[in-house]
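Letter by letter, the chains look like this.
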Amino acid sequence: MKKLDVYQQLLNSKLTVVVRGNSPEQAIETAEACIRGGVKSLEFTFTIPQAEKVIQHFSNHDGIIIGAGSVLDSETAKLAIHSGAEYIVGPNFSKETARLCNRYQVPYIPGCMTVNETIEALEFGSSIVKLFPGQAFSPSHIKAVKGPVPQVEIMPTGGVDLDNIQDWFRNGAVHVGVGGEITRPAQQGNFETVTANAKLFIEAIEEVFV
């Protein structure tokens with residue numbers, strides 16, 4: 001899929017579920033539960049054992065875009081891309097990772113906390129930056145950043161829950177990343193609740209855009 005198509009799907013889907021797991025099997029079951037709940041974008045973190053195999057498992061899934069998360073360096077990004085990841089997400093900004101993603105024309109969404117980091121990410125080709133950790137900020141932070149840097153698109157991740165998700169979007173977020181608030185029941189094997197949680201988040205987002 002072309003880079004611009006992936007960005008457009010991210011903008012359309014509004015929600016990425018960040019999937020972690022103690023094993024590839026648990027991550028796969030968690031992701032499948034999210035898909036049953038209507039999720040269209042999944043980020044598999046490289047804290048999952050054999051994360052590349054999980055990415056490969058979903059790489060040809062119709063209607064779902066697959067990202068790799070917790071990518072700290074270009075070597076991991078290259079492995080993820082060759083395994084089928086359509087976008088790369090990091091908790092930090094890495095010039096080497098940005099260059100590699102540009103080389104392969106794969107979107108890179110780096111974690112940024114400051115305006116300086118945000119502008120540097122834009123200069124290296126990122127169209128969306130991840131506000132991380134989101135719980136360190138209030139939703140109004142997005143409006144404050146977009147005042148001097150209106151061209152940046154921001155995706156808060158961490159601390160996004162059902163109580164504040166609508167505020168994030170109303171303050172200018174184009175997309176959100178949500179992990180444990182949706183997937184935590186998977187740790188006890190309760191995948192039905194993961195599906196139910198995903199549906200609740202999607203309904204909350206749809207209320208903002210109707």
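Everything here concerns the structure above.
Given the structure is predicted, the values throughout are model-derived calculations rather than measurements.

Draft legend 1. Local environment of the packing of helix H4 (residues 74–83) against helix H5 (residues 95–104). Relative to each other, H4 and H5 sit at 25°, their axes nearing to 8 Å. Considered as vectors, H4 and H5 are oriented roughly parallel to each other. Helix-helix and strand crossings are classified by hand; for H4 and H5 the assignment is right-handed. Contacts from Ser74, Ala77, Lys78, Ile81 and His82 of H4 reach H5 at Glu96, Thr97, Leu100, Cys101 and Tyr104. Here the residues of the contact of H4 with H5 sort into five nonpolar, three polar and two charged.

Draft legend 2. A look at the nonpolar core. Ranked by size, the top nonpolar core spans 58 residues in total, and within it Leu15, Leu42, Phe44, Ile88 and Ile182 carry the most contacts. Sort the elements by how many residues they give to this core and helix H10 (residues 191–209) lands first, with seven residues. The contact partners of Leu42, leaving out residues within four places of it in the chain, are Thr16, Val17, Val19, Ala31, Cys34, Ile35, Ile64, Ile65, Ile66, Gly67 and Tyr87. The next biggest cluster of nonpolar side chains, apart from the first, holds nine residues, and it includes Val6, Ile65, Ile128 and Met155.

Draft legend 3. Geometry of the pairing of strand E3 (residues 65–69). E3 sits mainly inside the fold: five of its five residues count as buried. On E3, burial covers both faces: Ile65, Gly67 and Gly69 on one face and Ile66 and Ala68 on the other are all buried. Pairing geometry for strand E2 (residues 41–45) and E3, over five bridges, is parallel. Looking at E3, one finds that Glu43 is bridged to Gly67. In the classification by handedness, the crossover that spans E2, the intervening helix H3 (residues 51–58) and the parallel E3 is right-handed. Relative to strand E4 (residues 87–89), E3 runs parallel, the two sharing two bridges. Each bridged residue has a counterpart across the sheet, and for Ala68 the counterpart in E4 is Ile88. Following the backbone out of E3, through H4 and into the adjacent parallel E4, one traces a crossover that is right-handed.

What counts and how
- Residues numbered from 1 in each chain as written.
- Predicted model: local features only at pLDDT ≥ 70, side-chain atom pairs only at ≥ 80, totals over all residues.
- Heavy atoms only, no water.
- Axes fitted to C-alpha atoms, helices over the stretch in contact; angles between N-to-C directions.
- Helix = DSSP H or I, 4+ residues; strand = E, 2+ residues; numbered from the N terminus.
- Parallel < 35°, antiparallel > 145°, perpendicular 65-115°, else oblique.
- Left-handed = near helix turned anticlockwise from the far one by under 90°.
- Contact = heavy atoms within 4.5 Å.
- Nonpolar A, V, L, I, M, F, W, Y, C, P; charged D, E, K, R; others polar.
- Core = buried A, V, L, I, M, F, W, Y, C linked by side-chain atoms within 4.5 Å.
- Buried < 20%, exposed > 50% of the residue type's maximum accessible area, 1.4 Å probe, protein only.
- Pairing = 2+ DSSP bridges.
- Right-handed = clockwise from strand over helix to strand, strands pointing away.

Honestly, it's all geometry; don't read function into it.
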